[in-house]
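Fold and contact review
One-letter residues, chain by chain:
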Amino acid sequence: MWSQYIFLLLVGCITTATTSAWIDNREYVYSVQGRTLASLDIANVFSGILMRTTLRIQTRPDGNLQGLLVNPQYAQIHSELSEGPLTHIPSAEVNWKQLEMIRKPFQIVMNRGVISDLVVTRSMSNWEANILKGIISQLQLNIDHWGTADPDSFIIPEETVSGTTDTSYKINRIPEYLLLNSEIVPDFQSIEEDECDILEVVKHKNYTNSIELPSFIYGLGNVFGKKAASNVMGEFFVRDSMTRALVTRCSKQSTIQNTFTLNKVSVSPTFSDNQQGSVVSMWNATLEQIKVQNKVLEDVIDPIRLGGLVYSYGNSHSHSNKVEEKQREYNYFEYKEVPWKRTVKSISHYSDSTWRSAETYKQEKPDLNKPTEYPMLPYTIGNKGFSIKNDIDIVQSVVSIAQEIGSDLQDPRKTLAENTLAKFINLIKLVRTMDQQELKRAGNDLYHTNNEDLSRYAAWATYRDVVAESGSLQSLLVIQSWIESRNLKLMEAAYVIAQMMNSVQTPTTEYIKTLFEFVKKPVVSSQWPLNETAILSLSELTRKVFFDDAFYKTNYPIESYKNLRDEQGREYVRKTIIPYFKKCLDSAIIEDEPTKIHTYIRALGFIGDTEILRAFEPYLEGKKMCSQYQRTLMVIAMDKLVKTYPDIARDVLYRIYENSGEYQPLRVAAVYQLMRTKPSVEMLQLMASYTNVDVQEEVNAAVKTSIQSFASLKLDEFKDLRYAAEMALPLLTETEYGLHQGGNYLRTYIVDQLNLKYKETLQLYGSSDSFIPKGFKYAWRSNEGGRRNQILNIQTWLTSVDQLSRVFYEQTESYHLAKQQQNLKRQQNVTLSSQNIARILNMQAQADEQLEGIMFFMDAVSPLKMLTFDNNTIEQLPHLLKQLEKYLNEDKEINEVKLTNSEDAIMALPLEMGIPFVFMYDAPTVLKVHGKVKAAVQPNLSECGRFQKPTFIKIRTDMAFTFGSKIQGHISFFTPFDRREYYSGFEKTMQLHLPIAGTFEVNLEKKELSFDIEPKEIHNEAPLFHYSTWPFTSWRDITDLRTLVAQHHNQYIKSDRIRTFDTVVGKQQTGLSYRIKFEHNRDTIQMSDIYMFWQKGNLDAINNLWRNGDIQYSQFNFTYLPEESLTKNVQLRLRYYQDYKQKGETHSFNWNDVSSADKYSERINTLLKGARADIRNVESRAIDASMRFIGSKNIEHIVSGAVSKSNVDPKSRIFAFYKLKKSDSGKPYEMKLEAVNDIPNTNTLNVDYALAAEPKVNSVLTLTFDTDNGEKGQIKADIMLTRSGKRKEFLKDLPMYQQCKRDMRVNNNQSPACVNMTLAAQLLNKIDIDLAYDNLSPLVKDIVETAYDHLKYNYYPSVETDYVQKSEARNQIKIKSQFDEDLQFLNISVTSKEQTTNFKDIEAGEYSTSLFVVNPAYSLSSRIMSKILEIDTINRKFLNSINFKNPISMYTYDVLTSAYFFSAVCVADQSQVTTFSNLTYPSVLSNYWTVLAQYTPIRANEEEEIYSVHEQLESQETNLVILARKSMSASDSETAKDVKIVISSPDTDFETIEILMTLNQKLSSVDIYVNGQQREVSEFDCHDIRNGYIQIFALSHGEVKMEMKNILHLTYDGIRIKLEAVSSLLRGSTRGLCGSFTDQQNEDFLTPSNCYARNHEKFIRSYEVEGQQGEQTREELAQDSHLCVEKKMPLHINIISLKDLLPAVDMEQSEGNNCTRHQTRYFEQSTEICFTTSVVPTCSSVCQAEGYITKTIPVHCIVKSNVALLWKKQIDTGGNPDFSHKKEHKKLQMEVPQTCSK
């Protein structure tokens, strides 16, 4: 007995020594007060609770403490606190309520002076325990071993209610007088000694370093480099907890006098806001009394250990939800060193076992058979710790709310008034609490497919989408049952699956397995697009969960569940899902099923694990066959691998890139992906340097544009990549590339006022047969306060643009009619027809791959994740169109409802009070389309499996389109004991409502378009457009399922300076009345907003305005008022007309004839006659549009215009007319524009002629208009464009001009240098404008003056103004502008009567130069397109040979030339040819006709048969060949050439047109023969063929030009021939001396035999159509590979090495595996032994291989010797000699085990 007492005494002595804050046999009484308040930064309005209690603590003999809470109370407040959350609130002013907590003692377990556990009665509920933990956490102080000499600081793990985190301590002595009169700290208790110190202990928690961090996180996406629920996340989240404790320390004891904890969580409600909302939680515990224990608190009845102070999740679905006993499986005290003075020891120093064992505080992961437990969410535990289901009929409640939503959606007014989208969000939260049976019951009650009951169908559609958005395992099982029962199918099912996969909150291994098994079921695989969407959605989900660690850690609740992601799941993906997809891919390739091939390639890519390389490897390395398109698609599909395993992806992609023998698009794709792996400086420098020698220009374009784009990136996250790119910039090729060659264009920008960052990416894949890229990727990513969000990511890629258009065209009736017509006019009788030439030359066809195409909708909630097609798919389109026509021929009622919430996010975590903080962000949208539509087409669009061109289309519709969107961020906390949630929040609502009723008609024969619209609105005063923002504070009863608005507890926060605007517009102008009403607390439109539209682009700017960064109240409504509107019908008519005449009629034009015309035909004819009057060979276009508003007051707006121009005549005209007629007004309002232009034809083949000429363009514009005073107003502008003298001299000083002059001495007048100098000489850099005006209204003058002042301000200080009076008339302005001679800068002088303003040295942008610096021979569209395409006629090898004097000259070359090559050019000059691809080589033609260019497009060899070009051309609609020869009349020393053009096409009615041009040396002119008949042409008259399809006319200096519309321009002077390709028809489709036109100079010497000649002379002879020499040359080239090289592409290499097949972590695991070893291997041959230079996997002796793969391994070979045999023996006995430093001699094939097992 005595031994027991002695033991207790010893324990007491020990614990007293280690718990000096607590004196034995004493009771400590603390007054505890707390408050938790929610608010927004913009106002001191708070919603929350106050709490108070008394805490009694007694010491125990065992060293622990006994505690009791006395009279706990709380009070609710929702009011303004003028001094913020710490404002003093008198107790008498609030209504205190009893807090129903168990009033029984509890025990505080101490360990070395620190609280380590709590012991409570088993009957305590979990929410009570958490509040108790929050109170007791205030006493958690680790200061017992603190030294007394000096202040100290240290870091130590500490456990409180919010987790076990690194906590920094700072301890200081503090004078007592500083604490006097403090509201927070009352007087101290029991300071009995004189020599006592008052210590201030300041603690701060580092949540980033934590062992236990209770939280629920979902949907935050990628928050770069941040841990969820840590102190800071991006710029949108801040979490902080600070405790200040005051401790008195005397010689014998320490006493905790006061602790004050301030815990604040601040969040930007919509992530990018300039202000934040917050929840502040605080405790203040003050020691009131220390006394001797008079009455010992009773022991804990039915005790249970809580396992510590950390917040406990509880079990909301249990019957009791009482506390559960938890035994600590780790103890950080075991790892803790005593924190003596200046000792720092944080969590990061402790062993990993501590972290692994910390899973004990988490919940078990979700179970199939139970509703998912979502910790710390209101509907889960807000009902006194239970689920809300305990007090409501969950099924009936869900059904009722769905029905309410269905009813609301029938009226756009109710969707706003009833806050329907908030109901939708509320319903999602409810459904997440339901189990499978409850979900099914609700579905059975709501399921409805009859569109006649719109409300019931909308209710079902709502519930369908809610279940999908809930994302739980139970929802997955229910959706599976719906699909299996065909309640959901096809597109609807696909959309639901896509929604669900985007909303998964707890993606366990069981979830993935269930989904995978479902994907394989026939009911899924047999339905498109469900099959593709399900597969791709599964792949995306597996990547996000198992391989994208950064996304996983901030997007899923990993701190809430044990092993949410486990190794079993990862292995399941690698060993089951990926092999299954690989097997399906292999099978699809064998069966040639492109759709499946594309799907499984993309699915494997979405997974993003290195195991996908195993599936792609045999195809990328050429071991298995597939199309080059499919191989490229595999590289494109690595876009996720570059993110999950960038180092491995970088190695693989770089090997692809550096293989110059690889398929060019595949290398381009590798470059694009490689650039996303953060390549090093050295890698980018090497790639940049290689662009100077790489012959694949599309690859060079990809590299160059990537490096240039990276060098301009602005965001800090790209600083390393930006630096690497800047270091590589100087090494890039000088060649400029156009969009048709592809490129990687990236842009980042910051919208500071919105706290938004954006990144845009545009990747283009070059096209060798079109100027249109054959593929692109557009991605738009936002960074909203640190939360990255992929807004848009679209990719598409084709094998060939030309093939796609051809396959489409071949499905049309027009094609088959044209074929019939062509068969009637066979061309074999024309000796030099294109077909006969192909037969004579025995030209072999170049076979292309079969058409394939794909479009991805990446990272989007879309039912169509991917669209794939091939030629077979397109051939089925007429049949699908036929079905659609049949469907729409009768009135069809459309009723579609779709609701989504694709960007939701949740963050829940415990506050210091022990209650949960909750942040919820939602962005729901609703789309509703309802009405009837009927369409009629004559004739049918599809008939007999062919598309037909309709002559008449009529569509009748009566539809209502409603789109609503909402963004809401709610910052709240809830108190389970009274089921209340307290809010601060910000909501934005936008709704667009468009009722459309009317008839749409198209008459293609008459070229008329008409709309008849009936303005109507069945919902009176329903806004057509609504936008509102609402900042508020509020509270609600959790069991009240109504929206916050409906509960009427909201306090909206409005500024004092609200601006209100309310007006009605439109009635006078259109007869339609619209009400505009808004309330706003700032200027309606700020200049920054206008700048944003201008600078960022419309799409970005609209998005930014929607996501405006200010938290503020605003409302905007735009409403149609039918009762006030006079118009009952709106008629819109649009007519178009064009014609061509050899000579415009003489006509005296009078505007009165236009004004008085009652019919549009009279108006158009009058304008046309006036526009083309006296113009030769004139092409005219006219348009007439009218809009009539018919009702009690008729209003009509008329706009008409005509334009006429000619290739021969310098005159052109533009007429435009506007008229406004009102039935209640006598005289109509009119406006007339007349422009007369004089633009000479400046084409020439001689630069001296171009420089000697003085080209000019003159335009006179006259605008006449009616004014209010009845007089005519007029603005007249006389515009003159000329070339300055300085520019002429500047051009003559250029090195390129000198090079041109040297070329001209040998009569090569159109060498590359001369072509560019000729074009540069024709550019007009001076613009003079004489402007006169009369009767301008004051409003117009004000607008012009304001804009002018803005320009002056914008260009300051480059502006000088002279206010001296000038001689000009008052209403005249003279504008003189001149680009500097190098076109880099612009100077403008504006002179009026009052002043002269000079704009000096304004920098001219590239596109502005293209716009305003005119070449008279080329249109504006040609100039802009030339800049976009960067068409360049310079041979870069030639360019490098020019000795530029200085870098400025080189820069000037770029500006003067490459920006102005308006079309691709081929020139056959005196003694050389320059191809379309800019290759120049010597050329001497014989007297035999030789092919310059022949149109021979590459066709897909779908039947895999060998056929000749002759056979192809027989069935080709357009056939064109240009031939040249040495002139028959020329002597041997003369170099005159003849040229012949042979063309047949639908525009010639398939008749062959043969045009011969030859030099008449006697007359020094050109003779022209068309089909054998001589034709005369001059500078003023041309010869037309087929109504202007071909025009031939003379130029100055004896030159002749032939223009073939939309195909080719040819200029000829008897010696040289210049071809200009003016469309993409010829691109990649020519054979002959002009090359292949692919931009690849190495492909220009393609011979008729389909090989590439090494010698230019034999290449030229191979295209001689006549004579024996040409035939002999072709035979030689076909038989001798030394003379002619075949194109063997691609050259396969070993792309994927062994280390690429497993990530580093798996390699480490493999090395630790007892079965798999990595060892040097050998190959024993007859005379040598070859050893691998790197280790390869092998199975140990006790294990066996499970499958093998064949790898190509580099080896080092040694002649058999004693040394070689010794190394062999070492390997046989388990040794591992190192050959990695040895030279590689060759590569050998080796079987390597896939895996090893016992």
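What counts, and at which threshold
- Residues numbered from 1 in each chain as written.
- Predicted model: local features only at pLDDT ≥ 70, side-chain atom pairs only at ≥ 80, totals over all residues.
- Heavy atoms only, no water.
- Helix = DSSP H or I, 4+ residues; strand = E, 2+ residues; numbered from the N terminus.
- Buried < 20%, exposed > 50% of the residue type's maximum accessible area, 1.4 Å probe, protein only.
- Contact = heavy atoms within 4.5 Å.
- Areas by Shrake-Rupley, 256 points an atom, 1.4 Å probe, with all protein chains shown as cover.
- Salt bridge = Lys/Arg side-chain N within 4 Å of Asp/Glu carboxyl O.
- Disulfide = S-S within 2.5 Å.
- Phe/Tyr/Trp six-rings, centres within 6.5 Å; stacked < 30°, edge-to-face > 60°.
- Lys NZ or Arg CZ within 6 Å of the ring centre and 35° of its normal.
- Pairing = 2+ DSSP bridges.
- Expected span 1.5 Å × (residues − 1).
- Core = buried A, V, L, I, M, F, W, Y, C linked by side-chain atoms within 4.5 Å.
- Axes fitted to C-alpha atoms, helices over the stretch in contact; angles between N-to-C directions.
- Parallel < 35°, antiparallel > 145°, perpendicular 65-115°, else oblique.
- Nonpolar A, V, L, I, M, F, W, Y, C, P; charged D, E, K, R; others polar.

Observations regarding the overall build of the protein chain
A count of helices and strands for the protein chain gives 50 helices and 74 strands. Taking all 1798 residues of the protein chain together, 58% fall into the buried category. For the protein chain, long-range pairs separated by at least 24 residues make up 71% of all intrachain contacts whose partners lie at least 6 apart in sequence. Approximately 74100 Å² of the protein chain is accessible, and the part contributed by carbon and sulfur atoms is 51%.

Thoughts on the pattern of salt bridges
Applying the stated criterion to the full structure yields 81 salt bridges. Here Lys291 makes a salt bridge to Glu27, at a shortest N to O gap of 3.9 Å. With Lys291 in strand β14 (residues 277-292) and Glu27 in strand β1 (residues 26-40), the pair connects residues that are 264 residues apart, well separated along the chain. Residue classification places Lys291 among the partly exposed residues on the basis of a relative accessible area of 28%. Through salt bridges that share partners, Glu404, Asp408, Lys414 and Lys423 make up one connected network.

A short note on the state of the cysteines
By the definition in use, this model includes 4 disulfides. Across the disulfide from Cys1466 sits Cys1634; the S-S distance is 1.9 Å. The chirality of the disulfide connecting Cys1466 with Cys1634 is left-handed, given an S-S dihedral of about -80°. Residue Cys1466 is found in strand β49 (residues 1464-1468), and its partner Cys1634 is found in the loop between β64 (1630-1631) and β65 (1652-1653); the two are separated by 168 residues along the sequence. In this model, Cys1730 is linked to Cys1757 through a disulfide, with the two sulfur atoms separated by 2.0 Å. On the sign convention where negative means left-handed, the S-S torsion of about 105° between Cys1730 and Cys1757 marks this disulfide as right-handed. Taken together, the positions of Cys1730 in strand β69 (residues 1728-1732) and Cys1757 in strand β72 (residues 1748-1759) put the pair 27 residues apart, joining distant regions of the chain. For Cys1757, a relative accessible area of 12% translates into the label buried.

Points about the packing of aromatic side chains
To describe a pair of aromatic rings, you give the distance between the ring centres and the angle between the ring planes. In total, this model carries 46 aromatic pairs according to the counting rule given. Look at Phe1078 and Phe1116: their rings are 6.3 Å apart centre to centre, the planes differ by 25°, and that puts the pair in the stacked class. With Phe1078 in strand β35 (residues 1074-1080) and Phe1116 in strand β36 (residues 1114-1120), the pair connects residues that are 38 residues apart, well separated along the chain. Following the ring pairs from residue to residue traces out a cluster consisting of Phe516, Tyr572, Tyr580, Phe581 and Tyr600. Here Arg602 stacks its cationic end above the ring of Phe606, 4.4 Å away from the centre of that ring.

A few points about the pairing of strand β26 (residues 925-938)
With 9 bridges connecting them, strand β23 (residues 892-900) and β26 associate as antiparallel partners. The partner of Lys898 across the bridge, within β26, is Leu927. Pairing between β26 and strand β29 (residues 952-975): 14 bridges, direction antiparallel. Within the sheet, the bridge partner assigned to Gln938 lies in β29 and is Phe952.

Observations regarding helix α11 (residues 490-502)
The terminal C-alpha atoms of α11 lie 19 Å apart, and with 13 residues this matches the ideal 18 Å at 1.5 Å per residue to within 8%. Ala493, Ala494, Val496, Ile497, Ala498, Gln499, Met500 and Met501 are the residues of α11 that are buried. On the buried face of α11, the contacting elements are α9 (454-470), α10 (473-484), α12 (509-519), α14 (530-547) and β23.

As for the nonpolar core
If you look at the biggest cluster of nonpolar residues, it comprises 173 residues, and the most contacted ones within it are Tyr463, Phe581, Phe616 and Met687. Aside from chain neighbours lying at most four places away, what touches Tyr463 is Val398, Val431, Leu439, Ala442, Gly443, Leu446 and Trp482. Counting residues in each nonpolar core, the second largest holds 78 residues, with Trp22, Met124, Trp127 and Ile915 among its members.

Re the sheet that holds β72
Taken in spatial order, the 4 strands line up as β68-β69-β72-β73 in an open sheet, and their pairing is antiparallel. A single partner strand is all that each edge strand has here, and the edge strands are β68 (1722-1724) and β73 (1786-1793). Looking at each pair of strands side by side, their axes are set apart by 40° on average, direction ignored. Sheet topology places β69 next to β72; 5 bridges connect them, and they run antiparallel.

Comments concerning the packing of α9 against α11
Look at α9 against α11: their axes get within 7 Å of each other, and the N-to-C directions meet at 40°. On the basis of the axis angle, α9 is oblique to α11. Packed against α9, whose contacting residues are Trp460, Arg464, Asp465, Ala468 and Glu469, the element α11 presents Glu492, Val496, Gln499 and Met500 at the interface. Here the contact of α9 with α11 is built from residues that sort into 4 nonpolar, 1 polar and 4 charged.

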